[in-house]
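Listed here are the chains, written in short residue letters.
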Amino acid sequence: MTYDRIHKFLLRSIASRGVIAMPEVKQIINSFTEDVDVSPKDLIKDINEKIRPFQQKIKITNDELTSEEVVVFLSLGYDDATKSQNIFSATELEYFRILLEQIMTTVTRQITGIHAINLVSSMKSSFTKTDAQKLLNVWCQMRYLDKDDANYALGVRAIHEFEGYFRENMPDIIEECCLCKQVVFRGCNCPACGVAIHTLCLNKYLEKLQKWPCCMIDFNQAQLDRLNCIGLSQSVRLRETQETICDETEPLTCSSMDVDDGTQEIIPEISQRITRKRKRPE
């Protein structure tokens, strides 16, 4: 198929949103053309041929938590050219690296909102809590992060865009699911044997057998609830071992948390090796 306006329209739509559910992608295509024979997969294949030289890619995948089929815009290149296009400063990327480390070193792979904001005390650069909250809002909008109640976890875009980075720079932190053998970004560790498993994989397995698939001990929902408590309290304990944060002179307000619509860009490489091992639940 000839690369034309429908390709450009679809690329702009996906790139501006970061992540779009497949049914919505089909609606976007139908709103542009009445040609029912136009396949989203074929269009995305054509687009990827065009944007590959820019080390970008559109990927059709499934959300690790919901299993929903989604289309994700990814930036896979970390060269000087890619960095120069980035709207995030070195200080903001330092905060993002620290945030990733904290999320990946809790047993439930999520941290509380308060803990996420208080991470500014770990930074070498000058950064306020208000700055942190603004970025958290932006990264949630861009689907680099997901917010569940008051807790932050990695979003589907970060999972697929940074998997290679995690494998290279966090080899002692990442773990693979005992069922699907893919890296666990949204999941937990078995309370008995400590083996990692995706939330989605575990839920599907429990439909057949009410046991933990890694060691076959009986499963009880209270075990997961306890793991969640351990994971979130662990993120608090990590902060309690560091210097207490002084109150910022700038209060958090609703207006300070507004997200700028012009921030739909790509986060480039985070540049510090992390080797801390995950703590197992006792």
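Residues numbered from 1 in each chain as written. Predicted model: local features only at pLDDT ≥ 70, side-chain atom pairs only at ≥ 80, totals over all residues. Heavy atoms only, no water.

Draft legend 1. Local environment of the packing of helix α5 (residues 90-104) against helix α7 (residues 129-141). In contact at an axis separation of 11 Å, α5 and α7 are set at 70° when each is read in the N-to-C sense. Classified by the interaxial angle, the pair formed by α5 and α7 is roughly perpendicular. For the pair α5 and α7, contact is made by E92, Y95, F96 and L99 and by A132, L135, L136 and W139, respectively. Each residue belonging to the contact of α5 with α7 can be placed in one class, and the counts come to seven nonpolar, no polar and one charged. (Axes fitted to C-alpha atoms, helices over the stretch in contact; angles between N-to-C directions. Helix = DSSP H or I, 4+ residues; strand = E, 2+ residues; numbered from the N terminus. Parallel < 35°, antiparallel > 145°, perpendicular 65-115°, else oblique. Contact = heavy atoms within 4.5 Å. Nonpolar A, V, L, I, M, F, W, Y, C, P; charged D, E, K, R; others polar.)

Draft legend 2. Just helix α1 (residues 5-17), in detail. Between its first and last C-alpha atoms α1 spans 18 Å; for 13 residues at 1.5 Å apiece the expected length is 18 Å, and the two agree. The complete set of buried residues in α1 reads I6, H7, L10, L11, S13 and I14. Taken around the axis of α1, the buried residues stretch over an arc of 165°, which confines them to a single face. Residues of α1 that are exposed and angled more than 90 degrees away from the buried face: R5 and R12. For α1, the secondary structure elements touched by its buried residues are β1 (19-21), α2 (22-32), α3 (40-51), β2 (56-62) and β3 (69-75). Following α1 by one or two positions, G18 has its phi on the positive side, about 90°. (Expected span 1.5 Å × (residues − 1). Buried < 20%, exposed > 50% of the residue type's maximum accessible area, 1.4 Å probe, protein only. Arc of directions from axis to C-beta.)

Draft legend 3. Representation of the sheet that holds strand β5 (residues 145-148) in the model. A sheet is described by the order of its strands in space; here three strands give the open sequence β4-β6-β5, paired in antiparallel fashion. What marks the edges here is a single partner per strand, and that holds for β4 (111-112) and β5. As judged from the two bridges shared by β4 and strand β6 (residues 151-154), these two strands associate in the antiparallel manner. Pairing of I111 across the sheet is with Y152, part of β6. Sheet strands touched by α5: β4, β5 and β6. Its angle to β6, the strand with the most contacts, is close to 95°. On top of the sheet, α7 reaches β5 and β6; it is set at about 100° to β5, its chief contact. (Pairing = 2+ DSSP bridges.)

Draft legend 4. Geometry of the pairing of β3. Counted residue by residue, β3 has six buried out of seven residues, so it is predominantly covered. Direction of pairing for β2 relative to β3: antiparallel, over a ladder of seven bridges. For K59, the partnering residue across the bridge sits in β3 and is V72. Taking the residues between adjacent antiparallel strands as the criterion, β2 and β3 are bridged by six residues, where S67 takes a positive phi near 70°.

Draft legend 5. Structural context of α2. Listed in full, the buried residues belonging to α2 are M22, V25, I28 and I29. For α2, the arc enclosing every buried residue in end-on projection is 110°, short of the 170-degree limit, so these residues lie on one face. Of the exposed residues in α2, those oriented more than 90 degrees away from the buried face are P23, Q27 and S31. Summarising the contacts, the buried residues of α2 are in contact with α1, β1, α3, β2 and β3.

Coordinates in, geometry out; function isn't part of it.
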